[in-house]
Structures are given as C-alpha cells and as structure tokens.
Amino acid sequence: MDGLLELVEKILWAVSFIAIGGTVALMFFLVFAQSILGSKTMHSQLEALLRQNRQICEQLKQIVQHLEKEKDKSVDK
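What you see as residue numbers is a count from 1 along each chain, following the sequence as written. Owing to the predicted nature of the model, reporting of local features is limited to residues with pLDDT of at least 70; listing and counting of side-chain atom pairs is limited to 80 or more, with chain, interface and lining totals taken over all residues. As a convention, hydrogens and water are excluded, and side-chain values are obtained from all of the structure's heavy atoms.

Asker: How should I be thinking about the overall build of the chain in this particular structure?
Answerer: Scanning the chain from terminus to terminus reveals one helix and zero strands. It is over C-alpha atoms that the radius of gyration is taken, and the globule rule equals 2.2 Å times the number of residues to the power 0.38. At 33 Å, the chain has a C-alpha radius of gyration far larger than the 11 Å of a compact globule built from 77 residues. Judged by the C-alpha coordinates and their principal axes, the chain covers about 110 × 15 × 5 Å. Accessible surface area values rest on a Shrake-Rupley calculation with a 1.4 Å probe, where residue burial reflects the displayed protein chains alone. By element, 68% of the accessible surface of the chain is carried by carbon and sulfur atoms, the whole surface being about 7500 Å². For the purposes of this entry, the term helix denotes a DSSP run of H or I that reaches at least four residues, the term strand denotes a run of E that reaches at least two, and both are numbered from the N terminus.

Asker: Would you mind showing me how to read the pattern of salt bridges here?
Answerer: In a structure, side chains of opposite charge can pair up when their charged atoms sit close to one another. Between Lys or Arg on one side and Asp or Glu on the other, a salt bridge is scored when a side-chain nitrogen of the former is within 4 Å of a carboxyl oxygen of the latter. According to the stated counting rule, one finds one salt bridge in the structure shown. A salt bridge links K61 to E58; its shortest N-O distance comes to 3.9 Å. Placement of both K61 and E58 in helix 1 (residues 2-76) is noted, with a separation of three residues, approximately one turn of the helix. Overall, E58 belongs to the partly exposed group, its relative accessible area being 44%. A 1.4 Å probe rolled over the protein chains alone gives each residue an accessible area, and that area as a share of the maximum for its type sets the label: buried under 20%, exposed over 50%, partly exposed in between.

Asker: I would appreciate a short explanation of the environment of A14 in the present structure.
Answerer: Residue placement: A14 occurs in helix 1. On the basis of relative accessibility, which here comes to 34%, the residue A14 falls in the partly exposed class. Remark: the alpha-carbon pair of A14 and L26, spanning twelve residues in sequence, is separated by 18 Å.

Asker: Would you take a moment to explain the packing of aromatic side chains for this structure?
Answerer: Think of a pair of aromatic rings as described by two things: how far the centres are apart, and how the planes are tilted against each other in angle. Pairing of aromatic rings covers Phe, Tyr and Trp, the last counted by its six-membered ring, and requires centre-to-centre distances within 6.5 Å; plane angles under 30 degrees mean stacked, over 60 mean edge-to-face, and any other angle means tilted. One pass over the structure, following the stated rule, counts two aromatic pairs. Summarising the aromatic geometry, the rings of W13 and F17 are spaced 4.8 Å apart at their centres and angled 85° between planes, so their arrangement reads as edge-to-face. Separated by four residues within a single helix, W13 and F17 lie in helix 1, roughly one turn from each other. A centroid spacing of 4.7 Å and a plane angle of 50° characterise the contact between F28 and F32, whose relative ring orientation is tilted. You can see F28 and its partner F32 sitting in helix 1, four residues apart, about one turn around the helix. Residue class for F28 comes out partly exposed when judged on its relative accessible area of 49%.

Asker: Please explain a nonpolar patch on the surface as it appears in this structure.
Answerer: A contiguous nonpolar surface patch, about 730 Å² in accessible area, is contributed by M1, L4, L7, V8, I11, L12 and V15. Mapped onto the elements of the fold, M1 is located in the segment before helix 1. Residues with no salt bridge and a relative accessible area higher than 30% make up the patches, which join like charges within 9 Å and nonpolar side chains (Val, Leu, Ile, Met, Phe, Trp, Tyr) within 5 Å.

Asker: When you look at helix 1 in this model, what are you seeing that I'm missing?
Answerer: Residues that lie three or four places apart on an α-helix share one face, since the helix turns once every 3.6 residues. Here the expected length of a helix is defined as 1.5 Å per residue gap, with one fewer gap than residues. Its 75 residues place the ends of helix 1 109 Å apart at the C-alpha level, agreeing with the 111 Å of an ideal helix rising 1.5 Å per residue. Maximal helix bending in helix 1 amounts to about 50°, located at F32. The quantity called bend is, for any residue, the angle between two axes fitted respectively to the seven residues ending at it and the seven beginning at it.

Rendered as structure tokens:
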C-alpha cells in the first residue's frame, strides 16, 4: 500500500510540473500574442505601402517623360 501511495505522489508531482509549465506557456501566449500577430499585420501593410510607393514612382517617371516630350515639342515650334 505504501508503494502505491508513493507512486501516486510521484505521478501527482510530475503532473503538477506539467500543469505549471502549461500555465506559463498559456500566459506567455496571451501576453505576447498581440505583438506577434500584430507584427504580421504591420509587415503586410508595410509591403502594401512599398508596392504603392513603387507604382507612384513609376507613374511620376511617366509624367516626367511626358512633360519632357511636351517641352521638346513646344521648343521645336
């Protein structure tokens, strides 16, 4: 009977460590989930801004080229 009691105590001791570790992991996730998930959202928004910036630069180059052509046409006249 004493051996069974000691076995149960050891099992409870091990399970309590597992439960404490799980609780710490859950708390860590709850504390840092916002920043982890938020950083992904911010990264995708920054990539979208970068793509828009490149498109704007291309459009500005096209406008400059068009204005230079118009300027050359007006100088020739």
